[in-house]
Amino acid sequence: MTTDAELYARQGMGRRLEPGLAPALLIVDFVHGFADPGVLGGGNIAEAIAQTRHLLAFARARGWPVAHTRVVYAADGSDAGVFTLKSPTLLTLTEDAHDSQIVPELAPLPGELVVRKRGASAFFDTPLQGWLSFRRVDTVVVAGCTTSGCVRASVVDAMQHEFRPIVATDCVGDRALGPHEANLFDMGQKYAQLMARAEIETHYKA
């Protein structure tokens with residue numbers, strides 16, 4: 001019986017995407033609301049945040065550009081869109097809301113970009129693509145949540161903007177493990193290179 005991996009390989013998918021020479025780190029939506037299982041979190045998100053602390057320290061030590069994202073809506077909901085019809089809890093993520101603040105262990109430093117977004121992708125209707133291009137980035141290492149939602153959307157858009165997406169597999173999380181695992185598999189077959197944090201650090205130490 002043909003496995004999923006064998007089927008994709010037979011169709012020419014899943015080739016290795018070699019990391020480039022000019023990486024940046026993108027941390028997607030690691031805010032209090034997604035860290036809290038009672039709001040928008042759960043699953044393996046807490047473990048992914050813990051691993052991302054180390055990846056962030058590694059990136060900073062090497063002077064990589066670092067970008068963080070937050071979901072931010074107007075307090076009166078005036079900028080709500082179809083995304084919030086599917087997920088109305090997102091409307092609680094306003095500029096000053098606790099749940100919209102980046103978790104303290106990953107707090108941005110001066111010079112790091114904080115992207116405010118109203119959609120799934122970190123690139124859609126934001127300055128991220130230009131910010132990365134100005135810094136001559138060729139590879140985007142992605143951490144964050146959720147794997148099946150905003151991480152996936154950001155990875156696809158990174159690829160479509162001709163950046164090489166590297167998904168840090170132990171630095172991404174989802175509220176449910178089934179979607180997490182399925183989307184990691186699919187991204188690895190079609191859009192990105194999957195690498196654990198230790199693999200990424202070993203590659204860029206060389």
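Keep in mind it's a predicted model, so treat the numbers as computed, not measured. (Residues numbered from 1 in each chain as written. Predicted model: local features only at pLDDT ≥ 70, side-chain atom pairs only at ≥ 80, totals over all residues. Heavy atoms only, no water.)

Trainee: Even after reading the chapter, I still don't get the packing of helix 6 (residues 147-160) against helix 7 (residues 177-190), so can you show me in this structure?
Mentor: Each packed pair of helices is defined by two parameters, the angle between the axes and the distance between the axes. Closest axis-to-axis distance for the helix 6/helix 7 pair is 9 Å, and the angle between their directions is 15°. When the interaxial angle is binned, helix 6 and helix 7 end up roughly parallel. Like other packed secondary-structure pairs, helix 6 and helix 7 cross with a definite hand, here right-handed. Where helix 6 approaches helix 7, its residues Thr-147, Ser-148, Val-151, Arg-152 and Val-155 are matched on the opposing element by Pro-179, His-180, Asn-183, Leu-184, Asp-186 and Met-187. Per-class residue counts for the contact of helix 6 with helix 7 are five nonpolar, four polar and two charged. (Axes fitted to C-alpha atoms, helices over the stretch in contact; angles between N-to-C directions. Helix = DSSP H or I, 4+ residues; strand = E, 2+ residues; numbered from the N terminus. Parallel < 35°, antiparallel > 145°, perpendicular 65-115°, else oblique. Left-handed = near helix turned anticlockwise from the far one by under 90°. Contact = heavy atoms within 4.5 Å. Nonpolar A, V, L, I, M, F, W, Y, C, P; charged D, E, K, R; others polar.)

Trainee: Where do I start with the pairing of strand 5 (residues 164-173) in this structure?
Mentor: Note on strand geometry: in a regular strand, side chains alternate between the two faces of the sheet. In terms of burial, strand 5 is a largely internal element, seven of the 10 residues being buried. Handedness of the β-α-β unit built from strand 4 (residues 139-145), helix 6 and strand 5 comes out right-handed. Two elements, strand 5 and strand 6 (residues 193-195), share three bridges in a ladder whose sense is parallel. The residue bridging Val-167 from the neighbouring strand is Leu-194, located in strand 6. (Buried < 20%, exposed > 50% of the residue type's maximum accessible area, 1.4 Å probe, protein only. Right-handed = clockwise from strand over helix to strand, strands pointing away. Pairing = 2+ DSSP bridges.)

Trainee: What's the story with the packing of aromatic side chains in this structure? I'm lost.
Mentor: When we look at a pair of aromatic rings, we describe it by the centre distance and by the angle of the planes. Considering all chains together, one arrives at four aromatic pairs under this definition. The interplanar angle of 90° and the centroid separation of 5.7 Å between the aromatic rings of Phe-58 and Trp-64 together place this pair among those described as edge-to-face. A single burial state applies to Phe-58 and to Trp-64, both of which are buried. Feature note: the residues Phe-58, Trp-64 and Tyr-204 constitute an aromatic cluster, connected by ring pairs. (Phe/Tyr/Trp six-rings, centres within 6.5 Å; stacked < 30°, edge-to-face > 60°.)

Trainee: Hey, could you run me through helix 8 (residues 197-205) in this one?
Mentor: Every α-helix carries 3.6 residues per turn, so stepping three or four residues along brings you back to the same face. All of the buried residues in helix 8 are Arg-197, Ile-200, Glu-201 and Tyr-204. Buried residues in helix 8, looked at end-on, bunch into an arc of 95°, giving them a common side. Here the buried face of helix 8 lies against strand 1 (23-28), helix 3 (45-61), strand 4, strand 5 and strand 6. (Arc of directions from axis to C-beta.)

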